[in-house]
Amino acid sequence: MAVDLSPSMAACEKDAEALRFIEEMTSNVRSMQRRVLMEILTRNGGTEYLKRFDLGEEDPLSAFKAKVPVVSYEDLQPEIQRIANGDRSPILSSLPISEFLTSSGTSAGERKLMPTIQEELDRRQLLYSLLMPVMNLYVPGLDKGKGLYFLFVKSETKTPGGLPARPVLTSYYKSDHFRTRPYDPYNVYTSPTEAILCPDSHQSMYVQMLCGLYMRHDVLRVGAVFASGLLRAIRFLQLNHEQLAQDIATGTLTDKIKDRAVRDSVAGLLRPDPELAWFVTRECSSGDWEGIITRVWPNTRYLDVIVTGAMAQYIPTLEYYSGGKLPMACTMYASSECYFGLNLRPICKPSEVSYTIMPNMCFFEFLPHGDVERNGKTYSHDELVELADLEVGREYELVITTYAGLYRYHVGDILLVTGFHNKAPQFKFVRRKNVLLSIDSDKTDESELQKAVDAASQVLRGAGTTVVEYTSYADAKTIPGHYVIYFELMSSNAAISNNRVMMEECCIEMEEALNAVYRQGRVGEAIGPLEVRVVRGGTFEELMDYAISRGASINQYKVPRCVSFTPIMELLDSRVVSKHFSPRCPTFNPNGRVTTTTI
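Rules of the game
Residues numbered from 1 in each chain as written. Predicted model: local features only at pLDDT ≥ 70, side-chain atom pairs only at ≥ 80, totals over all residues. Heavy atoms only, no water. UniProt positions renumbered as here; feature names shortened; annotations may be inferred. Pairing = 2+ DSSP bridges. Helix = DSSP H or I, 4+ residues; strand = E, 2+ residues; numbered from the N terminus. Contact = heavy atoms within 4.5 Å. Axes fitted to C-alpha atoms, helices over the stretch in contact; angles between N-to-C directions. Expected span 1.5 Å × (residues − 1). Buried < 20%, exposed > 50% of the residue type's maximum accessible area, 1.4 Å probe, protein only. Arc of directions from axis to C-beta. Polar contact = N/O pair within 3.5 Å; in protein donor to acceptor, adjacent residues only side chain to side chain. Parallel < 35°, antiparallel > 145°, perpendicular 65-115°, else oblique. Left-handed = near helix turned anticlockwise from the far one by under 90°. Nonpolar A, V, L, I, M, F, W, Y, C, P; charged D, E, K, R; others polar.

An unreviewed UniProt entry annotates the protein chain as Indole-3-acetic acid-amido synthetase GH3.2 originating from Acorus calamus. Per UniProt, the protein chain has the following entry under Sequence similarities (unreviewed entry): "Belongs to the IAA-amido conjugating enzyme family."

Participant: Teacher, can you tell me more about the sheet that holds strand β8 (residues 328–329) here?
Facilitator: Note: strands within a sheet are paired through backbone hydrogen bonds, in either parallel or antiparallel orientation. As summarised here, the arrangement of the 4 strands in space is β3-β6-β7-β8, forming an open sheet in which the pairing is parallel. Every interior strand has two partners, whereas the edge strands, β3 (146–150) and β8, have only one. Contacts from helix α11 (residues 227–250) reach β3, β6 (219–226) and β7 (302–306), with the element oriented near 115° to β6.

Participant: Would you mind showing me how to read helix α13 (residues 274–285) here?
Facilitator: Owing to its 3.6 residues per turn, the α-helix aligns residues three or four sequence positions apart on the same side. The end-to-end C-alpha separation of α13 is 16 Å, in line with the 16 Å expected for 12 residues at 1.5 Å each. Where α13 is concerned, the buried positions are L276, A277, F279, V280, E283 and C284. In an axial view of α13, the angular spread of the buried residues amounts to 160°, which keeps them on one side of the axis. Residues of α13 that are exposed and angled more than 90 degrees away from the buried face: P274, E275 and W278. G287, located one to two residues past α13, shows a positive phi value of around 90°.

Participant: Help me understand the pairing of β6 in this model?
Facilitator: Side-chain direction in a regular strand flips from residue to residue, so the side chains alternate between the two faces of the sheet. Taken across its 8 residues, β6 has 8 buried, putting it largely inside the fold. Here 5 bridges tie β3 to β6, and the two strands are oriented parallel to one another. By the bridge assignment, Y149 is partnered in β6 with G223. The pairing of β6 with β7 spans 4 bridges and is parallel. Across the sheet, residue R221 finds its bridge partner in β7, namely Y302.

Participant: Sorry if this is basic, but what is going on with the pairing of strand β17 (residues 409–421) here?
Facilitator: Burial within β17 is extensive, with 10 of its 13 residues counted as buried. Across 5 bridges, the pairing between strand β16 (residues 395–401) and β17 is antiparallel. Looking at β17, one finds that E395 is bridged to L416. Here β17 pairs with strand β18 (residues 424–432) via 8 bridges, running antiparallel. Across the sheet, residue L415 finds its bridge partner in β18, namely F429.

Participant: Can you help me understand the sheet that holds β16 in this one?
Facilitator: Spatially, 8 strands are ordered β9-β10-β11-β18-β17-β16-β12-β15 in an open sheet, and the strand pairing comes out antiparallel. The open sheet is flanked by β9 (332–334) and β15 (385–386), the only strands paired with a single partner. Here helix α2 (residues 29–44) sits on the sheet in contact with β12 (363–368), β15, β16 and β18, set at roughly 110° to β12. Here helix α6 (residues 120–138) sits on the sheet and contacts β9 and β10 (339–342); the angle it forms with β10, its principal contact strand, is near 10°.

Participant: Would you explain the side chain of E531 in this entry?
Facilitator: Along the polypeptide, E531 turns up in strand β21 (residues 531–535). There is a polar contact of 2.8 Å between the side chain of E531 and the side chain of H482. Engagement of the side chain of E531 in a polar contact is seen with the side chain of R533, the distance being 2.8 Å. Excluding anything up to four places from it in sequence, E531 contacts H482, Y483, V484, I485, K579, H580 and F581.

Participant: Looking at this structure, how should I read unusual backbone geometry?
Facilitator: Glycine aside, negative phi is the norm for most residues, and most peptide bonds take the trans geometry. Its identity is not glycine, yet D54 carries a phi of approximately 45°, on the positive side. In the Ramachandran plot, N422 falls in the positive-phi region, its phi being about 55° despite a non-glycine side chain.

Participant: When you look at the environment of D143 in this model, what are you seeing that I'm missing?
Facilitator: With respect to the secondary-structure elements, D143 resides in the loop between α6 and β3. Of the residues examined, D143 reaches a relative accessible area of 25% and is grouped as partly exposed. Not counting residues up to four positions away in its chain, the partners in contact with D143 are P185 and Y186.

Participant: How should helix α20 (residues 539–549) be read in this particular structure?
Facilitator: Among the residues of α20, T539, F540, L543, M544 and A547 are the ones counted as buried. What you see down the axis of α20 is that its buried residues fit within an arc of 145°, all on one side. The secondary structure elements touched by the buried residues of α20 are α11, β19 (467–475), β20 (482–489), β21 and α21 (566–574).

Participant: I tried to follow the packing of helix α16 (residues 446–461) against helix α18 (residues 500–513) on my own but got confused; where do I start?
Facilitator: What describes two packed helices is the angle between their axes and the distance between those same axes. It is the contact of α16 with α18, at a shortest axis distance of 8 Å, that shows an interaxial angle of 150°. The orientation of α16 with respect to α18, classified from their angle, is roughly antiparallel. Crossing angle aside, the handedness with which α16 passes α18 is right-handed. Side by side, α16 and α18 meet where K451, A452, V453, A455, A456, V459 and L460 of the first sit next to M502, M503, E505, C506, E509, M510 and A513 of the second. Here the residues of the contact of α16 with α18 are counted per class, giving 11 nonpolar, no polar and 3 charged.

Here it is as structure tokens:
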């Protein structure tokens with residue numbers, strides 16, 4: 001679907017300039033990409049890493065494509081470790097590495113350290129500056145209110161060489177780009193900057209929620225980085241509404257908030273408001289949380305959260321808390337390695353979200369995902385395709401070359417090309433590569449697992465509940481091995497989790513939704529019956545708290561869809577309230593015949 005970004009439709013001249021910039025960038029993709037790559041190679045040609053490939057001076061672009069390999073993080077780890085240990089020579093970048101941006105810390109193994117340079121903050125800020133001009137095309141009047149965003153930082157660490165190591169959002173929030181940002185009527189938050197920058201997540205959340213309640217009629221948009229973060233905020237309101245109401249009634253701030261800067265930041269806001277306190281108590285004590293967002297913040301126009309990829313499972317819960325009345329805007333596509341692009345149709349359905357890559361952010365290449373036949377020629381995995389040469393309907397794996405010193409770096413994202421804006425491809429995020437369950441020859445990725453959970457959720461909705469959170473692991477200790485899925489249900493009613501017939505139906509529906517290789521393995525007894533373990537309410541909150549205690553960022557935390565770390569599995573198993581197995585094999589039809597076996 002075409003997007004009209006005509007500057008004449010802009011809300012203000014500043015927005016018009018941003019829309020003109022987007023049109024210019026997306027209309028000159030090939031030339032801009034060549035310019036970006038040439039700038040990177042010219043600047044960093046003298047680095048230790050690029051000198052290994054002898055790119056020469058006459059045609060470095062062709063030499064780069066012919067000689068520089070696609071690499072993973074593990075390939076670069078020795079160089080990254082040297083920088084982290086204090087080596088200041090130009091190893092990956094000619095400019096000094098200013099800090100390391102860490103991965104979320106929820107995957108197996110150690111957190112990754114992504115090198116970055118100071119000027120990357122400018123590129124990130126540039127992409128942020130484009131979001132509201134696009135949003136203003138779809139939701140007018142956002143300058144008449146405020147945004148309630150639950151944003152957090154994590155205390156940074158230092159590498160042995162003294163460089164900061166922190167999540168990308170912590171880096172941004174602590175930078176002058178955020179802390180001293182100029183006033184913009186279209187981008188005003190209810191949360192004081194001091195609360196966002198508070199490293200204590202409880203104190204930060206409390207004050208951000210308190211401010212959001214005081215200014216509830218001013219709130220026009222509610223959001224967090226990920227959907228899970230917004231749901232965590234709603235859970236916080238459920239658990240802390242009595243103390244919040246008490247503070248509002250008395251116009252004071254609980255002594256539990258110790259951070260002096262945070263206390264000072266709300267001193268001018270606090271005032272006794274018994275009517276508001278009564279409202280909060282009434283809404284939060286009734287037990288009815290359906291539509292709580294629109295009831296507490298009645299002027300909310302949309303939710304600003306990421307609900308693509310693994311976050312898609314939160315859509316039903318967000319719809320429940322918003323009464324099904326609010327669109328969910330996924331505005332940008334970014335990672336610790338680089339910021340990539342934005343959604344030019346931010347109010348579309350979550351299933352229709354496509355991101356337009358901005359060709360000035362880095363040099364983009366793509367590996368066709370699987371063999372791709374094009375014009376009679378077959379392209380294999382080892383052939384990289386440039387941004388301007390992608391085809392609609394094809395899936396690709398993202399490979400980037402950045403100003404900060406990542407060269408042909410394999411990000412691990414699988415993207416589907418859905419169309420173009422001018423000359424710039426638009427992508428649907430499909431999944432992260434290699435997030436798998438496997439027992440035999442079966443391979444279940446994140447999207448397939450999500451599909452199976454959705455099938456179980458359909459069964460559970462008939463009993464008035466749904467899946468709040470889930471994770472899984474491949475239990476190879478049994479013979480044969482089998483999939484174990486942990487469910488936390490929205491309802492705490494023990495009768496639901498102990499309903500053997502219904503939970504067994506969930507198991508079989510999940511197996512029916514899994515791929516043919518899995519179902520064949522089940523019929524052939526290479527894979528044992530799928531098991532669902534229902535855990536008590538709050539278990540995944542404990543899991544998140546555990547991850548944060550080990551260094552994960554509250555902003556970037558995402559529930560791992562597959563787990564193997566023993567302490568995590570022990571935590572989950574200690575919270576199990578019931579266990580259920582699939583009662584029969586799923587259907588498998590190798591030759592047009594349906595095969596079903598009862599066990």
